[in-house]
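# Analysis of the macromolecular model
The primary structure of each chain is shown beneath.
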Amino acid sequence: MLMPSGVMLLLGAWGIRRQDAIWRDEAVTYDMAHRSLPDLWHTLLHVDVVHGLYYALMHVWFRVYDATLDGTFGEVVGLRLPSVAAMTAATAGVALLGHRLVGRRAGLLAGFTFACIPVVQQYAQEGRSYATVCALVVWATYLLVLTAATAVPPPARPHPPAYAPPHPHPHPHAYAPPQPRPRPRPDPRPRLWLGYTALMLAACLLHEFACLVLPVHAAALILARLPRRVLRAWALSTATVLAGLAPLAVFSTRQSAQISWLMWPDPLQLLTFAVLAVLGLACARVRIRSRGPIGLRALGIPLLLLPTLLLLLLSHVEPAYVDRYVLYYVVGFALLAGAALARLLRPAGEAGQTRARRLRRTAAVALVLAALLPIDVHLRSPDSRVDDVTAVARAVRTVAEPGDGLLFMPARRRIWTATRPHDFRGLTDLALDKSPLASHTLYGTERSGDAIRARMLASRRIVVAGDPDGQPADDNDQEIAKRATLRDAFAVCSTTEVRGARITVYGRPGACGTGAARWTGAARWTGAAR
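In this text the structure is predicted, and so the values were computed from the model without any measurement.

Side chains that differ in charge, positive against negative, can pair when their charged atoms come close. Following the criterion strictly, the structure yields 21 salt bridges and no others. The residue R35 makes a salt bridge to D31 at a minimum N-O spacing of 2.9 Å. The class for D31 is buried, based on a relative accessible area of 18%. In this structure, D404 engages R461 in a salt bridge whose closest nitrogen and oxygen atoms are separated by 2.8 Å. Taken together, the positions of D404 in the loop between α17 (389–399) and β1 (405–409) and R461 in strand β5 (residues 461–466) put the pair 57 residues apart, joining distant regions of the chain. Side by side, D404 and R461 carry an identical accessibility label, which is buried.

See below:
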């Protein structure tokens with residue numbers, strides 16, 4: 001199983017820097033992981049508690065990394081290395097699952113398939129918790145399958161005949177010492193159930209929607225028709241996991257405004273799921289014999305379909321669907337596809353396979369991998385994410401002058417300063433009341449709209465780091481004051497577009513230089529000399 005893991009490790013290391021581009025969610029990870037544990041605790045009481053365990057683990061990781069390897073590889077690599085390691089471990093788990101469910105060849109091909117899925121490579125190179133959650137779910141599922149295998153006794157060996165003929169030359173005084181009874185082996189199931197419970201609880205504490213794999217496990221156990229004692233043991237483990245998750249789930253409902261930005265699911269994400277679902281169901285139709293009590297289809301099909309479908313159903317109550325929340329659904333596809341490929345690409349002469357047919361199927365697989373290559377290359381470019389914090393910081397440093405005012409529109413874009421604060425030195429954040437660290441928030445707190453307007457009018461030039469066109473505008477008092485004041489009292493001096501952001505320099509009349517201004521107010525003038 002080392003070969004698929006090695007491929008995943010290489011794919012994770014390929015282009016991991018992404019030209020040092022970091023997007024906004026990774027910037028949050030970097031900021032939170034570099035806060036002290038007391039500050040992190042107080043922040044989680046206000047916001048982002050659902051990722052609290054991940055931030056604490058990353059805090060410990062960066063304490064080690066910054067002291068040893070930061071000067072060698074840099075902060076971007078340090079941010080993403082844990083995800084590469086987690087996805088490598090997940091690939092090993094997928095390969096072992098395929099081996100356990102079908103056979104060695106199916107396991108190898110399932111691991112290779114998993115590593116080659118573009119969305120797997122995407123989150124293997126992202127400083128967020130999703131790769132780690134996926135790895136924990138994979139290994140918990142493996143322990144479940146292993147536990148089920150130990151719970152069902154192997155087929156009984158044939159009994160010896162009732163009458164055994166005597167030895168042809170018995171010794172009249174032969175003595176046969178009594179044979180010692182073999183010691184019964186300790187039952188491994190309690191330890192396996194304990195490991196399963198621990199891994200599932202860790203996955204759920206890292207991200208609450210990891211619990212959506214529990215119905216998948218229930219379906220697999222029921223379809224396998226395992227003894228009731230196995231179902232009772234699983235129910236006890238599940239109850240323990242849910243009891244451990246309950247305090248976090250209840251507390252996080254107070255912070256549900258964090259996902260208020262979610263609307264209807266992204267069509268591209270839905271298309272990706274639909275394609276994998278159709279292909280996975282097609283692979284499930286290939287004739288494959290499972291090896292253990294839990295069959296390949298009994299686990300693979302629910303794992304492929306149920307988590308996403310359940311999250312989509314939940315989104316009808318409150319929008320909550322993002323594909324990375326249930327990233328582990330691709331494991332179901334990898335298992336089904338790996339087993340199908342093992343059957344279709346079997347050696348010539350095995351079960352009617354011909355050399356020509358095997359060659360054609362191998363060529364088809366190679367064409368699919370070649371078609372995925374442009375996607376893989378794109379995922380390692382700065383344009384593959386919604387924004388580029390590094391590009392924003394560099395653009396601000398290029399256009400700003402010492403003493404300029406600075407605004408973020410909306411205020412949550414202040415996270416763009418988290419990884420490169422030195423690029424914003426010498427600028428005055430006109431709206432900021434308390435910094436993110438002082439206020440125990442992600443983006444800091446801002447002054448009232450009137451106070452922001454007064455500080456803006458006292459500035460000669462303002463650099464605005466904001467969203468590009470087409471993004472909805474916030475309608476709170478502060479954002480309205482920013483827009484109105486810029487429109488009425490300032491002219492546009494210059495505009496710079498970077499990935500996911502627009503950096504605009506505004507100036508009072510005469511502050512932009514001759515011919516460089518475009519008036520934004522009611523007078524609508526252009527040119528500073530007018």
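From this point, the narrative continues.
Bringing the packing of helix α6 (residues 75–101) against helix α7 (residues 104–116) into the picture now. Taken N-terminus to C-terminus, the directions of α6 and α7 make an angle of 150°; their axes are 6 Å apart at the nearest point. With respect to α7, the axis of α6 lies roughly antiparallel. Of the two possible hands of crossing, α6 and α7 adopt the one that is right-handed. Residues M87, A90, T91, V94, A95, G98 and H99 of α6 touch α7, and the partners they reach there are R104, A106, G107, A110, G111, F114 and A115. Grouping the constituent residues of the contact of α6 with α7 by class yields eight nonpolar, five polar and one charged.

Of the residues in the chain, 89% reach a pLDDT of 70 or more, and the chain-wide mean stands at 90. Scored below 50 in pLDDT, residues 518–530 makes 34 contacts in the model with residues more than four places away or belonging to other chains.

Rules of the game
Residues numbered from 1 in each chain as written. Predicted model: local features only at pLDDT ≥ 70, side-chain atom pairs only at ≥ 80, totals over all residues. Heavy atoms only, no water. Salt bridge = Lys/Arg side-chain N within 4 Å of Asp/Glu carboxyl O. Buried < 20%, exposed > 50% of the residue type's maximum accessible area, 1.4 Å probe, protein only. Helix = DSSP H or I, 4+ residues; strand = E, 2+ residues; numbered from the N terminus. Axes fitted to C-alpha atoms, helices over the stretch in contact; angles between N-to-C directions. Parallel < 35°, antiparallel > 145°, perpendicular 65-115°, else oblique. Left-handed = near helix turned anticlockwise from the far one by under 90°. Contact = heavy atoms within 4.5 Å. Nonpolar A, V, L, I, M, F, W, Y, C, P; charged D, E, K, R; others polar. pLDDT = per-residue confidence, 0-100.

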